[in-house]
Amino acid sequence: MPESTASTDRFPRWLWILIAVLGAIMITLQFLKAGDLFVIYDAFSYTAAWERLKMCLPDAVRPPVYPLFYGIITTIFPGTTGMVVIAVLQWSLFGVAIWMLWRILVYFEVTRAFRVATILLLLFFPGNWVMNNALQTESLSLFLITFLVYSLIRYRQRQTRLWNIAGAITTFLLVYLKPQFIYIIPIYLAAWWICSANRKQTILTVTSSLLIAGSLFFYTWTLRRFCGFNQGLTVVGTVNCYGILRMGGLVTPDDIENPDIREHLRPYLEADPGSDLLETDLYGVEWKYMNLVQCDSINRNVIPNHPAEVAGFLLSRFPRSFSHSIFPRHGYARPYDEPKHRRYYALTGKKQPSLHIPEFTYGEALTNGDKALRGSLVFPFYGILDIPFIAAYITLALFTGITLLSWKKSGWKRFPTVAFTLIALISGGYITTLAGAYDDWGRIAGSTHVLLFAAGGIVVYKSYRYVQFRLKRRQQP
């Protein structure tokens, strides 16, 4: 029988110390070598969003949660101090997420040794925690999505209004942190409804879901009023959609209604009909020439004009993701196609920029300060300690299989809500990433890493128990 006592269930103090020491070392290296948090690429959009929020205006690019997180902290602690505080808070939230991973494994009756091994394995891969030093949403979203599962476990165990409301607030924050998490609203509704023991809790769950959904209509209406067109929660969706369609070779001159834009973009389309390079900047040159209304118009023309091709291209991204890393890959030296970049920037009349950004390995972070670029990311063992998406898919498939077998063994009586919530959150994160993002899949899907390692730890433990059971049966006379 699995162990389950107060002493074995308690989170080890030495793990808290290990996480604190790791965080202190990495924050120190980050600011010594890069002089700042990782602020290249998307970070400027969160600082710009905060400036608009200070004027009581919505931002078309970023929903409000992370800009508020950044803005409140840097208002209280200006300058570099504020950035250090953000890093410390993000590492602290990461530590709490690890503690919640421990509690999730306790819920699934995983023994202490396997819990410790799961957490040490997670900490062994730097890709799981380097984004704690980034001015981006990944650290906060990882904490919130782990807290959502923990809230469900507490709600199932205690049936209190507090944990129902905690789940609703967490879902609300996730949606307004990254619009990708809209898929979590029906998961919250289904999971908390199934776990509700009485009508009052069910009504509270349904009401909370309707309020979250209703807030989205109000927020998008507000954006449309201030920005002048229907963009959903963020213009990033419009931009990403265009980039994905271009990569698939699905945008043709006939899909562009505006004659001036059609003739301007025709050389782009003829010179490069489309290639699935995970590279934002190439196609960014095109959509930046248009306004976002025109970009959205092209998207709306392409999808109905080429429905089979669009569906085929999106489906083809799944097998192509097998070899991609589940960890962040941006911020470093990228493949540089000089003829392509020369062609693109010659068409725009702009100076060709350099996309080479120094890569930090463990040794370089300690010894080679000359390669540092302010605002880049200190990433130990970058590209060495890695996990491909195919490993994540196999882990998720095995966890799903074990969940179904356990449910069948119980006579299909009690629905394993927490297990299926884990499956839905991880798979939903991967599906929305592959379908809606055209750059750095690992970073965007990274919010579910703690849940993925929870599933992996459960798979290994259940497999061990099964082998142990079979060996004992063989030894019986």
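The structure we're discussing is the one just above.
Keep in mind it's a predicted model, so treat the numbers as computed, not measured.

Concerning unusual backbone geometry
- Its identity is not glycine, yet Cys56 carries a phi of approximately 65 degrees, on the positive side.
- Within the secondary structure layout, Cys56 lies in the loop between helix H3 (43-54) and helix H4 (65-76).
- A positive phi is found at Gln159, a non-glycine position, where the angle reads about 55 degrees.
- Mapped onto the elements, Gln159 comes out in the loop between helix H7 (138-158) and helix H8 (161-175).
- Residue class for Gln159 comes out partly exposed when judged on its relative accessible area of 22%.

Here we look at the environment of Leu452
- Within the fold, Leu452 resides in helix H21 (residues 449-475).
- For the pair Leu452 and Phe399, spaced 53 residues apart in sequence, the C-alpha separation works out to 9.6 Å.
- Ignoring any residue separated from it by four or fewer positions in sequence, one finds Leu452 in contact with Ile326, Ala392, Thr395, Ile426 and Tyr430.

Quick notes on the side chain of Arg443
- The topology assignment puts Arg443 in helix H20 (residues 441-445).
- Among the polar contacts listed, one links the side chain of Arg443 to the side chain of Glu138, at a separation of 3.3 Å.

Some points on the packing of aromatic side chains
- In this structure the tally under the stated criterion is 33 aromatic pairs.
- Note on Phe389 and Tyr430: the rings are 5.5 Å apart at their centroids and 75 degrees apart in plane angle, and the pair reads as edge-to-face. Placement of Phe389 in helix H18 (residues 389-409) and of Tyr430 in helix H19 (residues 417-436) is noted, with a sequence separation of 41 residues between them.
- Tyr430 gets classed as buried once you look at its relative accessible area, which sits at 3%.
- Considering the side-chain rings of Trp407 and Phe420, the 6.0 Å spacing of their centres and the 75 degrees angle between planes classify their relative orientation as edge-to-face. Of this pair, Trp407 sits in helix H18 while Phe420 sits in helix H19, and the two are 13 residues apart along the sequence.
- Here the aromatic cluster, defined as three or more aromatic residues joined through ring pairs, consists of Trp99, Phe143, Phe147, Tyr150 and Trp163.
- In this structure, Arg115 packs its charged tip against the face of Trp102, placed 4.8 Å from the ring centre.

Quick word on the environment of Ile384
- Structurally, Ile384 can be placed in the loop between helix H17 (362-367) and H18.
- Given the relative accessible area of 57%, Ile384 is considered exposed.
- Spatially, the C-alpha atoms of Ile384 and Phe125 are 9.5 Å apart, while their sequence positions differ by 259 residues.

Re the packing of helix H11 (residues 236-247) against helix H14 (residues 292-305)
- Between H11 and H14, the shortest axis-to-axis distance is 9 Å and the interhelical angle comes to 50 degrees. The angle between H11 and H14 falls in the class oblique. When the axes of H11 and H14 are compared, the crossing they make is left-handed. Along its contact with H11, which presents Thr238, Val239, Cys241, Tyr242 and Leu245, the element H14 presents Leu292, Cys295, Asp296, Ile298, Asn299, Val302 and Ile303.
- Partitioned by chemical class, the residues of the contact of H11 with H14 number 9 nonpolar, 2 polar and 1 charged.

Let's talk about helix H10 (residues 199-227)
- In this model, H10 (29 residues) spans 42 Å end to end at C-alpha, consistent with the 42 Å of a helix rising 1.5 Å per residue.
- Along its buried surface, H10 packs onto H7, H8 and helix H9 (184-195).
- Capping of H10 at its N-terminal end is provided by Asn198; its side-chain oxygen lies 3.1 Å from the backbone amide nitrogen of Lys200.

Scoring rules and cut-offs
- Residues numbered from 1 in each chain as written.
- Predicted model: local features only at pLDDT ≥ 70, side-chain atom pairs only at ≥ 80, totals over all residues.
- Heavy atoms only, no water.
- Helix = DSSP H or I, 4+ residues; strand = E, 2+ residues; numbered from the N terminus.
- Buried < 20%, exposed > 50% of the residue type's maximum accessible area, 1.4 Å probe, protein only.
- Contact = heavy atoms within 4.5 Å.
- Polar contact = N/O pair within 3.5 Å; in protein donor to acceptor, adjacent residues only side chain to side chain.
- Phe/Tyr/Trp six-rings, centres within 6.5 Å; stacked < 30°, edge-to-face > 60°.
- Lys NZ or Arg CZ within 6 Å of the ring centre and 35° of its normal.
- Axes fitted to C-alpha atoms, helices over the stretch in contact; angles between N-to-C directions.
- Parallel < 35°, antiparallel > 145°, perpendicular 65-115°, else oblique.
- Left-handed = near helix turned anticlockwise from the far one by under 90°.
- Nonpolar A, V, L, I, M, F, W, Y, C, P; charged D, E, K, R; others polar.
- Expected span 1.5 Å × (residues − 1).

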